[in-house]
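What follows is the residue order along each chain.
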Amino acid sequence: MSAQILDGIGLARQIRASLKERTEALRRRGVVPRLEVIVATQDPASVAYVRMKRKWCELAGLESGAFEVDAGTSQSQLLEQIHRLNEDPRVHGVLIQHPLPKHLDEHEALLALGAEKDVDGITPQSLGRLVADLPGFRSATPLGIVTLLDHHGIDLQGRRALVIGRSVILGKPMALLLLQRHATVTIAHSRTRDLPELCRQSDLVVAAVGRAEMVRGDWLQPGAVVVDAGYNRVEGRDTDVGDVHFESAARVASWITPVPGGVGPMTVASLLANTVAAAERAAGA
Ligand code: NAP
């Protein structure tokens, strides 16, 4: 392997330690940062993510709560809860964990959430602010990725960046954040032609697809920076795998994120950082 590792765990721990100092300062002023999560109980992956996020809150000095939704939750109950959280001054951030049960309208839920509490940065209001270059919360996963790249001094200016995936929570905001950093950005998706060739032309590849080990080393240009946002369960494997075939890609790339231990922890760190920033703003700090 020749690539250097973009270590998300190490940086996320550093961020957590600095957030702990900021939450302690807030507590001395009588403010306890609080994150509330809305989560579907019948989705095991969501329940596991939320458990991990609550553990990180504890370690960084934030309080957290959860509103559990299931087959028996109506859309009006969900909207009522969101309005309650919007109005509650003790709550600084609200995360609507995707996916909600199918009978609930997630778009309507996101539209109902106040932008000042959208610490996951995925409501239309927050995304509109990103497009318009206005201040606001940036989506936690793309924000975590640029934080990781910045930390390692990876200059994006004028570089050719390829984002594979165009989802609202990941691919699109990722492309916009890279554009803000003056990269020349291409977005690929399921109908893109000759993806391997596009990859070979790119200095930075962000894989956000949801297909295990799709991007192989022979798709990459030597020295490319590779960020793997994918998280895929594969039968017979002990750990989840990314969208990039790590072993072959690491032989060609200059920097690469591992899975697990790359983008995942940075997503949680960004979510918590946004929540603490919301609490500081509410406290007038
Ligand atoms: P998603 O909503 O399913 O979007 C996947 C995107 O990949 C779509 O835009 C799709 O194109 C594109 N795509 C699918 N097959 C393709 C192919 N063969 N070639 C090129 N593009 C293809 O998924 P997501 O929510 O963005 O998540 C993507 C991955 O990131 C998943 O593995 C997910 O688990 C992971 N993830 C990780 C974190 C984290 O914190 N680490 C957070 C969120 C998601 P179309 O639009 O044309 O269908």
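In case you missed it, the structure is sitting above this.
Procedures and definitions
- Here the residue numbers are simple positions, counted from 1 along each chain's written sequence.
- Only residues with pLDDT of at least 70 are given local features in this predicted model, and only at 80 or more are side-chain atom pairs given and counted; all residues enter the totals for whole chains, interfaces and linings.
- Water and hydrogen atoms play no part in the side-chain values, which are based on all heavy atoms of the structure.
- Angular values range over 0 to 180 degrees, each being the angle between N-to-C directions of two axes fitted as lines to C-alpha atoms, with helices fitted over their stretch in contact.
- Segments assigned H or I by DSSP are reported as helices when at least four residues long, segments assigned E as strands when at least two residues long, and all are numbered from the N terminus.
- Roughly parallel covers angles under 35 degrees, roughly antiparallel covers those over 145, roughly perpendicular covers 65 to 115, and oblique covers all other angles.
- Contacts are assigned to residue pairs that have any heavy atoms within 4.5 Å of one another.
- Under the scheme applied here, ten amino acids are nonpolar (Ala, Val, Leu, Ile, Met, Phe, Trp, Tyr, Cys and Pro), four are charged (Asp, Glu, Lys and Arg), and all others, including Gly, are polar.
- Nearness is defined per residue: one heavy atom within 4 Å of the molecule or strand is enough.
- Polar contacts, as used here, are pairs of N or O atoms within 3.5 Å; protein pairs need one atom able to donate a hydrogen and one able to accept it. Residues neighboring in sequence count only if both atoms are side-chain atoms.
- Using the Shrake-Rupley algorithm and a 1.4 Å probe, accessible areas are obtained, with residue cover drawn only from the displayed protein chains.
- Any residue with an atom within 4 Å of a point lines the site, the site being either a cavity, points on a 1 Å grid over the protein atoms alone where a 1.4 Å probe fits but cannot get out, or a pocket, an open set with protein on both sides within 12 Å along at least 5 of 7 lines.
- Placement in a cavity or pocket follows one criterion, namely that more than half of the molecule's atoms lie within 2 Å of its grid points.
- Grid points are joined across faces, edges and corners, and a volume is the space filled by probe spheres set on the points.

Here we come to the packing of helix 6 (residues 140-151) against helix 10 (residues 263-282). Direction vectors running N to C along helix 6 and helix 10 enclose 105°, while the axes themselves pass 7 Å from each other. On the basis of their axis angle, the class for helix 6 and helix 10 is roughly perpendicular. Residues Ala-140, Thr-141, Leu-143, Gly-144, Ile-145, Thr-147 and Leu-148 of helix 6 form the contact with helix 10, whose participating residues are Val-263, Met-266, Thr-267, Ser-270, Leu-271 and Asn-274. In the contact of helix 6 with helix 10, the residues fall into seven nonpolar, six polar and no charged.

Around the ligand sit 22 residues in total, of which Arg-166, Ser-167, Ser-190, Arg-211 and Thr-267 are the nearest. In this structure, Thr-267 approaches the ligand through a side-chain N or O atom, which is 2.8 Å from an oxygen atom. Expressed as a share of its isolated accessible area of 930 Å², the protein-covered part of the ligand is 70%. In this structure, the ligand is accommodated by the largest pocket. In terms of residue class, the shell around the ligand is built from 10 nonpolar, 10 polar and two charged.

Within this model, the largest pocket holds a volume of roughly 1200 Å³. If you go around the largest pocket, you meet 44 residues; those closest to its centre are Tyr-49, Gln-97, Thr-141, Ala-229 and Tyr-231. Listed by contribution, the elements that provide at least two residues to the lining of the largest pocket are helix 2 (44-60), strand 4 (93-96), helix 6 and helix 10. It is helix 2 that contributes the most residues to the lining of the largest pocket, eight residues altogether. Residues belonging to the lining of the largest pocket are distributed by class as follows: 24 nonpolar, 13 polar and seven charged. Taken as a whole, the second largest pocket spans an internal volume of roughly 280 Å³. What lines the second largest pocket is simply His-98, Glu-106, His-107, Leu-110, Leu-111, Ile-122, Thr-123, Pro-124, Leu-127, Ser-167, Val-168 and Ile-169. If you list the elements that add at least two residues to the lining of the second largest pocket, you get helix 4 (106-112) and helix 5 (124-131). Counting residues per element, the lining of the second largest pocket draws most heavily on helix 4, which supplies four residues. Class assignment of the residues belonging to the lining of the second largest pocket gives a composition of seven nonpolar, four polar and one charged.

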